[in-house]
Amino acid sequence: VTSVGWEAFKDCEGFTGTLMLPEVITIEDSAFYNCYNLTGDLTLDKVQTVGKHAFMNCTGFNGRLFLNSTKQVGEKAFSNCRSFTGGLYIPTTLTDGIGKYAFEYFAADVAEPGELILLSGSYDNGTKIGELIFPHSKFRNISIGGNISYIGSSFMNNLSNGAIGNEYADITGD
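This write-up is about the structure you can find in this document.

**Some remarks on the overall build of the chain**
Check the secondary structure of the chain and you find 0 helices and 13 strands. Seen in sequence order, the chain has helices and strands lined up from the N terminus as β-β-β-β-β-β-β-β-β-β-β-β-β. Looking at the 174 residues of the chain, the share that counts as buried comes to 46%. About 7,700 Å² of surface is accessible on the chain, with carbon and sulfur atoms providing 46% of the total.

Structure (structure tokens):
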């Protein structure tokens, strides 16, 4: 399987363990929209495109999100995925864009959220991170480097309570 189609698993419930999609290259719009009780890590090893709303409103992920080969993340792709505990890794391969609100409310309900490692931006071949990519999200630490040379206004506005600004959070960059 190299593609997961539009609304293929919409409103599904009860995936357990790590959701692995080892040969998938494209996850289309709303493919896993509104899925419940997903557990473990989400590793997208070969996925190059994550469509709009692809994992929006998914609950239960209690691990990390790895976008290992991803080039593009659609608008609201992971919006309202409030339970990721292990953080988010965005590699230098992500050069074709990140849609607005792609990670809105990411890990927002987690008491001790993971780290954001941000190595590529949302536009201009991944060199710039635009506005409203991570609103209301929560990360323990934020590391920015890789391709990024510019951070736009409001790219991480309204961080959730308990995120950056408390005694255990750091922001670092190259």
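From this point on, the discussion continues.
**Focus on the environment of threonine 92**
Inspection of the secondary structure assignment puts threonine 92 in the loop between strand S8 (87–90) and strand S9 (115–118). Separated by 23 residues in sequence, threonine 92 and serine 69 place their C-alpha atoms 8.6 Å apart.

**Points about the sheet that holds strand S7 (residues 72–73)**
Judged by pairing direction, the sheet is parallel, and its 4 strands sit side by side in the order S1-S3-S5-S7 without closing on themselves. In this open sheet, the two strands that pair with only one neighbour each are strand S1 (3–4) and S7. With 2 bridges connecting them, S1 and strand S3 (residues 26–27) associate as parallel partners. The residue of S3 that forms the bridge with serine 3 is threonine 26.

**Quick notes on the pairing of S8**
Pairing between strand S6 (residues 64–66) and S8: 3 bridges, direction parallel. Bridge pairing links leucine 65 to leucine 88 in S8. Note: S8 against S9, 4 bridges, orientation parallel. Directly across from tyrosine 89, in S9, lies its bridge partner isoleucine 117.

**Here we look at the packing of aromatic side chains**
Evaluation of the coordinates by the stated rule reveals 9 aromatic pairs. On the basis of an interplanar angle of 5° and a centroid distance of 4.8 Å, the ring pair of phenylalanine 32 and phenylalanine 55 is categorised as stacked. Of this pair, phenylalanine 32 sits in the loop between S3 and strand S4 (42–43) while phenylalanine 55 sits in the loop between strand S5 (49–50) and S6; the two residues are 23 residues apart in sequence, bridging distant segments of the chain. When sorted by exposure, phenylalanine 32 lands in the same class as phenylalanine 55, which is buried. Chaining the aromatic ring pairs together yields one cluster made of Phe9, Phe32, Phe55, Phe78, Phe84, Phe103, Phe106, Phe134 and Phe139. When the ring centre of tyrosine 101 is taken as reference, the NZ or CZ atom of lysine 76 above it lies at 5.6 Å. Taking the ring centre of tyrosine 150 as reference, the NZ or CZ of lysine 128 above it sits at 5.9 Å.

**Digging into the nonpolar core**
Counting 45 residues, the largest nonpolar core has Phe55, Phe78, Phe103 and Phe134 as the members making the most contacts within it. Only S8, S9 and strand S11 (141–144) provide two or more residues apiece to this core. Those residues in contact with phenylalanine 78 that sit more than four places away from it in its chain are Leu42, Leu44, Val50, Phe55, Leu65, Leu67, Val73, Ala102, Phe103, Glu104 and Phe106.

**Considering the environment of glycine 14**
Tracing the backbone shows glycine 14 in the loop between S1 and strand S2 (19–20). Under the relative-accessibility criterion, glycine 14 is labelled partly exposed at 41%. Residues glycine 14 and glycine 60, 46 residues apart in the sequence, show an inter-C-alpha distance of 9.2 Å.

**Points about the state of the cysteines**
Taken as a whole and assessed by the stated rule, the structure comprises 1 disulfide. The cysteine cysteine 58 is free of any disulfide, with cysteine 35 supplying the nearest cysteine sulfur at 4.6 Å. A disulfide-free cysteine, cysteine 81 has its sulfur positioned 5.0 Å from the sulfur of cysteine 58, the nearest such atom. On the basis of relative accessibility, which here comes to 1%, the residue cysteine 81 falls in the buried class.

Reading the values: rules and limits
- Residues numbered from 1 in each chain as written.
- Predicted model: local features only at pLDDT ≥ 70, side-chain atom pairs only at ≥ 80, totals over all residues.
- Heavy atoms only, no water.
- Helix = DSSP H or I, 4+ residues; strand = E, 2+ residues; numbered from the N terminus.
- Buried < 20%, exposed > 50% of the residue type's maximum accessible area, 1.4 Å probe, protein only.
- Areas by Shrake-Rupley, 256 points an atom, 1.4 Å probe, with all protein chains shown as cover.
- Pairing = 2+ DSSP bridges.
- Phe/Tyr/Trp six-rings, centres within 6.5 Å; stacked < 30°, edge-to-face > 60°.
- Lys NZ or Arg CZ within 6 Å of the ring centre and 35° of its normal.
- Core = buried A, V, L, I, M, F, W, Y, C linked by side-chain atoms within 4.5 Å.
- Contact = heavy atoms within 4.5 Å.
- Disulfide = S-S within 2.5 Å.

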